[in-house]
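An overview of the molecular structure
Given next are the chains, with one letter for each unit.
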Amino acid sequence: MEAKASSGAAATKPHFVLLSSPGIGHLIPVLELGKRLVTHHNAAVTVFVVASRSSQAETELTTEAAAAAGGAPGSGNFFNVVRLPPPDLSNVLDPAAAMVTRLCVVMRELIPAIRAAVQSLAVRPTGLVVDLFGTECFVVAEELGIAKYVLGTSNAWFTALTIQLPVLDGEVEGEYVDQKEPLEIPGCRSVRPDEVVDPMLDRKDQVYIEYRRMGVEFRKADGILINTWEDLEPTTLAALRNDDFFGRKVIQGDILAIGPLVRRPTRPSNPTSQDLFSWLDQQPNESVVYVCFGSGGNLSPEQQIELAHGLERSQQRFLWVVRRPTGVKDSAFFSSGKSEDMDGIHHDLDNRYGLPEGFVERTRHVGLVVPEWSPQSEVLSHAAVGAFVCHGGWNSTLESVRSGVAMMMWPLYSEQRMNATLVAEELQLASRTETMPWRGVVGRDEVEGMIREVMVGEKGKGIRERVKAAQRSGEKALKEGGSSYKALEMVVKKSC
């Protein structure tokens, strides 16, 4: 699982400690950042991972990342993973607390353990990088007198809203969702009231207080590393650096676009994946609609039924990763991330997963229903996949762009409403439903129309062309001499 370097050799390199909060969606960009620091920028990296119920998937990802970093020419095995046991929250947190609140409390309670783990490292770190939920751990960097960075694992627009929130908190009266006008972000696209992130839905909830605190702490970082690139969000990035809007009068450190940080696909060998890819191998190029709502998304029972009917009526090939409907949109976030029974494609899926009676049998010649989990990055990179119905999580969005696959946005929770607006309206890399999924059920007619529009309509052709252009742009940014490469190079040089 770990790739280690001798303390003598590591002492000659910049040494970054990367801290990931719980959740596969948070871990992936942290690991990808670590790999790039080691393999492209001659740095040493120690990744702190908070163990969770997704431990099996986390172990696979960290093992894969360590192997990739350790196996790179000249890397010298300077990639190390340290697992931190989760804290006991039974006496400090309401079991019904929002997901974001839970993540914040986990990271806060871990500060003593993180401090001890950092101090025990054989080689003193030169920089600490935390994600959105770990900004309270800046105190550890300050005690050691080392640089402190926050990794913005979403887009620059979301970062701008986060930084602007303390200002909005003082200017806006009442709930944000009740406002009649969009929320202004200096120099950036404004945010419609119904697009605000989940922590802004109720200003009396602890989750709002936590998010407002993050906005204050973002400003104190020595650098904000954002998982985007210059050509994707030039206007927002420029505003964040401009003293007339944000700049040094608001933000202490540099704004650095270092993405896209996306995991590279490696074809799995387990039986279920073999069945899945054997089916994909038999489909024509760009003919399959891949339906998956990330590592944490769930639909209501009624929405599950309508989506199934819409897929069937579209008469398009599809691969659907189904979960048991719950009506709790983020209920799978802290689950294992994989099926509890991964011994092949299951039978009796209609009853077990709340699908219309006979759905699997009627669609078996054009569709494949996979329970709970699939290797998303690998599926998206398959030549047969032509479109992706997704929840709009930023990792999923970047994986789709990396593979040149058009998207249909179906936001469920967190900042996904903003992501859907950015990707569908501003970047025009996706279509989206007219019925907002957080307001009501998207009916079968609308599902059918959206799928056919993207798969066989003129709008879909335009989306695919723009996605492939963004794919090339992202690849260029990461290459030596590209904008993201140079941004990360600057971080490393400042730590030398």
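Every chain's residues receive numbers from 1 upward, in the order its sequence appears when written. Where local features are concerned, this predicted model is filtered to residues with pLDDT of at least 70; where side-chain atom pairs are given and counted, the filter is 80 or more; whole-chain, interface and lining totals use all residues. Heavy atoms throughout the structure, all of them, feed into the side-chain values; hydrogens and water do not.

**Observations regarding the overall build of the protein chain**
A run of DSSP states H or I qualifies as a helix once it reaches four residues; a run of E qualifies as a strand once it reaches two. Both are numbered from the N-terminal end. A count of helices and strands for the protein chain gives 19 helices and 13 strands. Only C-alpha atoms enter the radius of gyration, while the globule expectation follows 2.2 Å times N to the 0.38, with N the number of residues. Its C-alpha radius of gyration of 22 Å places the protein chain within 12% of the 23 Å reference for a compact globule of 496 residues. With a 1.4 Å probe rolled over the protein chains alone, any residue whose accessible area is under 20% of its type maximum counts as buried; one over 50% counts as exposed, and the rest are partly exposed. Counting the 496 residues in the protein chain, one finds 59% classified as buried. Charge assignment in this entry is limited to Lys and Arg as positive and Asp and Glu as negative, and neither His nor the chain termini are counted. Where a charge sits is defined by one atom per residue type, namely NZ (Lys), CZ (Arg), CG (Asp) or CD (Glu). Distance between charge centroids for the protein chain: 5 Å, based on 52 positive and 63 negative side chains.

**Observations regarding the state of the cysteines**
The disulfide criterion is simple: two cysteine sulfur atoms within 2.5 Å. With the rule as written, the count across this model stands at zero disulfides. This cysteine, Cys137, is not joined by any disulfide, and Cys104 carries the nearest cysteine sulfur, 11 Å off. Exposure remark for Cys137: the relative accessible area of 0% places this residue in the buried category. There is no disulfide at Cys390, and the cysteine sulfur nearest it, in Cys292, is 9.0 Å away.

**Overview of the environment of Glu184**
Within the element layout of this structure, Glu184 appears in the loop between helix 7 (156-171) and helix 8 (206-218). When its relative accessible area of 53% is taken as the criterion, Glu184 is described as exposed. Glu184 sits 16 residues away from Leu168 along the chain, and the two C-alpha atoms are 8.4 Å apart. Leaving out residues up to four positions away in the same chain, Glu184 has contacts with Gln164, Leu168 and Ser190. By definition in these notes, contact holds between two residues if any of their heavy atoms fall within 4.5 Å.

**Quick look at the pairing of strand 11 (residues 385-390)**
Of all the six residues making up strand 11, six are buried; the element is thus mostly covered by neighbouring parts of the structure. Pairing between strands is defined by DSSP: at least two bridges between them are needed. Sheet topology note: the strand 11/strand 12 (residues 406-409) ladder contains four bridges and is parallel. In the strand pairing of strand 12, Val389 is matched with Met408. You can see the chain leave strand 11, run along helix 15 (residues 394-402) and come back into strand 12, and the turn it takes is right-handed. The path from the first strand over the helix to the second decides the hand: if it runs clockwise while the strands point away from the viewer, the crossover is right-handed.

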